[in-house]
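# Fold and contact review
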Amino acid sequence: MQTKTSLAATIVILALSWAPGAVAEQQQSTSRDATASTKQSFSPFVDAKGNITRPQSFREDWVHIGSWFVVEDDQASGPGVHDVYADPSAVKAFQAEGKWPDGAVLVKEIRSIEEGPKTTGHAQWAGDIGVWFVMVRDRHNRFPDNTAWGEGWGWALFTTDSPNTSTTDNWKGEGFNNCFGCHVPAKNTEWVFIEGYPTVRDAAKYDAQ
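Residues numbered from 1 in each chain as written. Predicted model: local features only at pLDDT ≥ 70, side-chain atom pairs only at ≥ 80, totals over all residues. Heavy atoms only, no water.

### A short note on the state of the cysteines
Applying the stated criterion to the full structure yields 0 disulfides. No disulfide involves cysteine 179; its nearest neighbouring cysteine sulfur is the one of cysteine 182, lying 7.9 Å away. The class of cysteine 179 is buried, set by a relative accessible area of 7%. Residue cysteine 182 is classed as partly exposed on the basis of its relative accessible area of 46%. (Disulfide = S-S within 2.5 Å. Buried < 20%, exposed > 50% of the residue type's maximum accessible area, 1.4 Å probe, protein only.)

### Description of the packing of aromatic side chains
In this description, an aromatic ring pair is defined by two values, namely the gap between the centres and the angle between the planes. Per the stated rule, a full pass over the model turns up 14 aromatic pairs. Here tryptophan 68 and phenylalanine 193 contribute two aromatic rings whose centre-to-centre distance is 6.4 Å and whose plane-to-plane angle is 80°, an arrangement assigned as edge-to-face. Placement of tryptophan 68 in strand β1 (residues 63-70) and of phenylalanine 193 in the segment after α4 (179-183) is noted, with a sequence separation of 125 residues between them. Classification of tryptophan 68 as partly exposed rests on a relative accessible area of 26%. Grouping aromatic residues by their ring pairs yields a cluster made of Trp155, Trp171, Phe180 and Trp191. Across from the ring centre of tryptophan 132, 4.0 Å away, lies the NZ or CZ of arginine 54, which sits over that ring. Lying across the ring of phenylalanine 180, lysine 172 places its NZ or CZ 4.5 Å from the centre. (Phe/Tyr/Trp six-rings, centres within 6.5 Å; stacked < 30°, edge-to-face > 60°. Helix = DSSP H or I, 4+ residues; strand = E, 2+ residues; numbered from the N terminus. Lys NZ or Arg CZ within 6 Å of the ring centre and 35° of its normal.)

### Some remarks on the nonpolar core
One recurring pattern in soluble globular proteins: nonpolar side chains tend to sit buried together. Judged by nonpolar contacts, the single largest core of 22 residues is most densely connected at Ile65, Phe94, Trp100, Leu106, Trp153 and Ile194. Of all the secondary-structure elements, those providing two or more residues to this core are β2 (80-86), α3 (88-97) and β6 (153-159). Broken down by element, the residue count for this core peaks at 3 residues, all from α3. For phenylalanine 94, the contacting residues outside a window of four places in its chain are Lys99, Trp100, Glu190, Ile194, Val200, Ala203, Ala204 and Tyr206. In this structure, Val46, Val105, Val107 and Val136 belong to the second largest nonpolar core, which totals 17 residues. (Core = buried A, V, L, I, M, F, W, Y, C linked by side-chain atoms within 4.5 Å. Contact = heavy atoms within 4.5 Å.)

### Considerations on the sheet that holds β6
With respect to topology, 6 strands assemble into an open sheet ordered β1-β2-β3-β4-β6-β5, the strand pairing being antiparallel. The sheet is open, and its two borders are formed by β1 and β5 (149-150), each paired with just one other strand. (Pairing = 2+ DSSP bridges.)

### Brief notes about the pairing of strand β3 (residues 105-118)
Relative to β3, β2 is paired through 6 bridges, and the arrangement is antiparallel. Counted as the bridge partner of aspartate 83 is glutamate 109 from β3. Across 13 bridges, β3 lies against strand β4 (residues 121-137) in antiparallel orientation. Directly across from lysine 118, in β4, lies its bridge partner glycine 121. The hairpin turn running from β3 into β4, its antiparallel successor, is 2 residues long.

### Observations regarding the pattern of salt bridges
One pass over the structure, following the stated rule, counts 7 salt bridges. As a salt-bridge pair, arginine 111 and glutamate 109 come within 3.0 Å of each other at their nearest N and O atoms. By the burial criterion, arginine 111 is buried, and glutamate 109 matches it. One continuous salt-bridge network, built from bridges that share partners, spans Arg59, Asp83, Glu109 and Arg111. (Salt bridge = Lys/Arg side-chain N within 4 Å of Asp/Glu carboxyl O.)

### Describing the environment of arginine 201
Take arginine 201: it is sitting in the segment after α4. The partly exposed category is assigned to arginine 201, whose relative accessible area is 34%. Residues arginine 201 and lysine 99, 102 residues apart in the sequence, show an inter-C-alpha distance of 9.8 Å. Apart from residues lying up to four places away in sequence, arginine 201 is in contact with Ile194 and Glu195. At 2.7 Å, the side chain of arginine 201 forms a polar contact with the backbone oxygen of glutamate 195. (Polar contact = N/O pair within 3.5 Å; in protein donor to acceptor, adjacent residues only side chain to side chain.)

Here's what the structure looks like:
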């Protein structure tokens, strides 16, 4: 009986000494899993490391919020027809709240400019695809170590040579990957040139307006 009692006491002592460490480890593991799960569920176009993929059916299923026509001349760094789309839930949220919700996705498709005589006169229209830009709204700074993210957005450039993998390593990169340099004038409107998007601009609520 004495032996059984001593053995039971030893088991209890070991269990008590192990429990705090085990609980802490379990809590840390749960926290890590929760963080990873949050990142993965944050957007179907963003993985746990912050890598952005290009939405495939935005032309068919998303909302066209506006277009830009950039004439090709010596001053133009990105000439072409710029069509911009947003996911439907983001558009509804913006129209209700006046700002882009967490997880909102914007896609800009840039095409070349074609032109020629038509029955209505000399016309210009969108030609071949050049590049796609994708922006993903992140209001919780989920990827502080990923340099493709900054100022509350994830930034990605896709080319016809790389249509499924972003070429953006740093949103302050060079050329078309200098997202920062291009969007600085729009920093007071969530880094988006809202004036070009009639589908949502009247609902915008920015102090700069």
